[in-house]
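Structural characterization, general
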Amino acid sequence: MNSVFGLDIGTRNVVGTVGYQNDDKEFVVAAQYVREHETRAMLDGQIHDIGRVAKTIKEVKDELEKQTGQPLEEVCIAAAGRVLKTVTTHVEYEYAQESVVTGEDIHTLNLLGIEKAQEALKEVNDTSYKFYCVGYSTVKFFLNDEVFISLEGHKANKIGEDIIVTFLPEDVVDGLYAAVGQAGLSVANMTLEPIAAINVAIPENYRMLNIALVDVGAGTSDISITRDGSIIAYGMIPHAGDELTEVIVQHFLVDFNMAEHIKLQSTTSDKVTYKDIMSIEHTIPAEDVWEVVAPVVDNIAHEVSAKIIELNGDKTVSACFVVGGGGKIHGFTQNLAENLDLPQERVALRGEEVLGEVIFEQEDITKDPLLVTPIGICLNYYDQRNNFIMVRFNGERIKLYDNNRLTIVDAALQAGFPNDELFPKRGTPINFTVNGVARLVRGEAGEGAVVTMNGKPASINTPLEPNSEIVIEPSTAGEAAVYKISQLDEYNHSVITFVINGRRVSCPRFVQVNGRLEPEDYSIKENDVIETRNYYTVRQIAQFMDLVIDTDQMIYVNNEEADLDTLVYENFSVEWKTDEYGVARIDNNTYNDTQESDADTNDASALAEPDANSTESDNTVTRTSEQMMNQVLDELHDDFAKEAEASAAPENKLSENELSENELPKNDIQEEILKEEIQEEDSSENTITVIVNGEPVELSGKDTYIFVDIFTHISFDLQAGKGRAIATVINGRDAQFSEELHEGDKIELYWKEN
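Residues numbered from 1 in each chain as written. Predicted model: local features only at pLDDT ≥ 70, side-chain atom pairs only at ≥ 80, totals over all residues. Heavy atoms only, no water.

**Here we look at the overall build of the protein chain**
The condition that has to hold: Strands here are runs of E lasting at least two residues and helices are runs of H or I lasting at least four, both read from the DSSP assignment and numbered beginning at the N terminus. Burial here depends on accessible area, computed with a 1.4 Å probe over protein chains only, as a share of the maximum for the residue type. Under 20% is buried, over 50% is exposed, and the range in between is partly exposed. Contacts: residue pairs with any heavy atoms within 4.5 Å of one another. Shrake-Rupley sampling with a 1.4 Å probe provides the accessible areas, and residues are treated as covered by the protein chains on show and by no other component.
For the protein chain, the helix and strand inventory stands at 13 helices and 44 strands. Within the protein chain, the fraction of its 754 residues that count as buried is 45%. Once local pairs closer than 6 in sequence are excluded, the contacts in the protein chain between residues at least 24 apart make up 64%. Just so you have it, the protein chain exposes about 38200 Å², and 46% of that area is on carbon and sulfur atoms.

**What to know about the packing of helix 4 (residues 193-201) against helix 9 (residues 372-381)**
Applicable threshold: Axis geometry follows a simple rule: fit a line to the C-alpha atoms, using only the stretch in contact for helices, then measure angles between N-to-C directions, giving values from 0 to 180 degrees. Convention used here: angles under 35 degrees read as roughly parallel, angles over 145 as roughly antiparallel, angles from 65 to 115 as roughly perpendicular, and any remaining angle as oblique. In this classification, Asp, Glu, Lys and Arg are treated as charged, Ala, Val, Leu, Ile, Met, Phe, Trp, Tyr, Cys and Pro as nonpolar, and every other residue, Gly included, as polar.
Contact pair helix 4 / helix 9: the axes reach a minimum separation of 7 Å and the direction vectors enclose 95 degrees. One way to sum up the angle between helix 4 and helix 9 is to call them roughly perpendicular. Where helix 4 abuts helix 9, its residues Glu-193, Ile-195, Ala-196, Ala-197, Asn-199, Val-200 and Ala-201 lie against Val-372, Thr-373, Ile-375, Gly-376, Ile-377, Leu-379 and Asn-380. Looking at the contact of helix 4 with helix 9 residue by residue, the classes come out as nine nonpolar, four polar and one charged.

**Comments concerning the packing of helix 7 (residues 286-311) against helix 8 (residues 332-340)**
Selection criterion: Here a crossing is taken to be left-handed if its near helix is turned anticlockwise relative to the far helix by less than a right angle, and right-handed if that turn runs clockwise.
Closest axis-to-axis distance for the helix 7/helix 8 pair is 8 Å, and the angle between their directions is 45 degrees. What the angle tells us is that helix 7 and helix 8 run oblique. When the axes of helix 7 and helix 8 are compared, the crossing they make is right-handed. Between helix 7 and helix 8, the residues in contact are Val-297, Asp-298, Ile-300, Ala-301, His-302, Val-304, Ser-305, Ile-308 and Ile-309 and Phe-332, Asn-335, Leu-336, Asn-339 and Leu-340, respectively.

**Observations regarding the pairing of strand 3 (residues 27-36)**
Condition: When DSSP finds two or more bridges between two strands, those strands count as paired.
Where strand 2 (residues 13-21) and strand 3 come together, nine bridges link them in antiparallel fashion. Across the sheet, Tyr-20 pairs through a bridge with Val-28, a residue of strand 3. The hairpin formed by strand 2 and strand 3 contains five residues between the paired strands, and Lys-25 there has a positive phi angle of roughly 65 degrees. Relative to strand 19 (residues 358-360), strand 3 runs parallel, the two being bridged by three bridges. If you follow Phe-27 over to strand 19, its bridge partner there is Val-358.

**Here we look at the pattern of salt bridges**
Stated precisely, the cut-off is as follows: We define a salt bridge as a side-chain nitrogen of Lys or Arg found within 4 Å of a carboxyl oxygen belonging to Asp or Glu.
Tallying each qualifying case throughout the model produces 18 salt bridges. Where Asp-145 meets Lys-158, a salt bridge forms, and the shortest distance between an N and an O atom there is 3.1 Å. Separated by 13 residues along the polypeptide, Asp-145 in the loop between strand 8 (131-143) and strand 9 (146-148) and Lys-158 in strand 10 (residues 155-169) bring together distant segments of the chain. The class of Asp-145 is partly exposed, set by a relative accessible area of 48%. Given a relative accessible area of 19%, Lys-158 falls into the buried group.

Here you go:
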């Protein structure tokens, strides 16, 4: 048995109902209790004293728990208030192809309508109120542009609906939630009071008629209109029973509670007995009370009828039903009939008649118009059209359709929380080009959003709980990207080779940024254009090799006379005479120019032997590499000190980071700068044949080959991926682009399908 607990939190009373639907869809009331507010804690349907209202709710809850013998933790409520806004809009949803309409599709359509109504309300809202959706009703459904009563189960290319959405100020809703929470309850469902009332008072088979329903409470009179089988409008005015009570207070000199007693007794008895504030007891005819309140009754009836006509398109309705305690005052229905220009019999109180299908297990309960709204609130719980849950997101209350799959990210999206503040943000990237090829260096990753639900750590994928308190602290951005020239592969691994006195010498390529040489510690900036230079000067080669050239002797580049500033390109030959040699660091080794290098010694770690045809004399160097390195470092320090002294003169001063075309970049003088690689010129090249996608491919021109080398020997469009990943396979297993290739390797290269 799925029991539901409904509360009608009115301006004067709190009415609690516990019941359930039986197998015949009849609603069975298991327990009911009415409790008046001890003070005027509510005015015009809005809570003013949350603590006192919570106390009354707690008393009703405790009494109903006694009656039913079961704990009550969740409650259904209805909202009212003096500032009600309604928006009627049309919304459509078109399928990619003809599909069967499901209940989920209809809920999606409703959500689209609610969002559209919210946007429309924002455009015309001329108040300081922030409005919150408290309910909606479908006026008409459309299937392929034709009006239908129900859509579910039909095939359609397009569905649509006219929907009426109701809004109340957020503080009205917040007050209700706060009072219910203080009473130890959570909200299972919330609707609007006129929606709850009409579900009981005007069954669907009556809604083909143009009927008005007026729920006259203590603080507000709620109005709804039906026509052509649908609810077409909702309205609310801040005039109701409390205005009658206030007149009685003033006329009979009594407090508010005694005035309420007088008002109620005048509707049920011929005589009214009361005590004034002087403790004097009086007994008067009920007619005396009617005469006192008559002007106010006339005014309320006039305001209600004017609102009905406005909501109905500036014309009267066919009939009007009245529910609620305030509607029982003498003369109200008669005045309403006159203002609506309707026969008296077409304006009537509804109570026992509309509760005919409601079963009361408590025999002492009188079927009364006062019970219509509380029972309607309970029945609304079973109406899946309002199957929403409410949560508070970063202090703002939001409403989501409950599809049993909601997570915190759904609440974030519904609240309009920016997507980029959910996930870690990288710092500012650097875009630049190297030898014409675009490069991107991403910034550091920031911290992800900090998510909590009900004060406990959570993630954006944590399932959403009804009435939960969600707080998301936005993600942060990481540090901006920092990238130096020394980190470029082209700087560290790209070399340029010259033939010096018959020996092959490999030097690192200089790096030029925006047309100017920059040192290795230069920080690359956005849109920098970086190029590796394809030449050295003779002077720069000598500096790299730690040689002192005998300038009294001729220098030849490609067998032509040259000087220290002559440009030397890839594979150019240079002939010179030197005064002395210097070498790069060779840890734990000695060097002897007359000996062959050991087979296990790294080529880049020793000065290579001269070619067989070389005529250069054999000079033996017997010092250790460490001794030689120390000497070279000392000499270079002296040279750079002299250059710095010279550059201090105004006529020779260079701008920061600016380097002469004929000088090496002034990096930190580290031992790493003094890298030298002098290799014996290898007359033979390694050639291998591999099988690529079933076809033999010959690779030549290098000593060794890696996977990426095959792209220079085959036709494969690297831009044709269209979002697909590339598969790289060697001999039946996944391979890396940097993996070394061997003779006969079988390679597969293709785009993976998503």
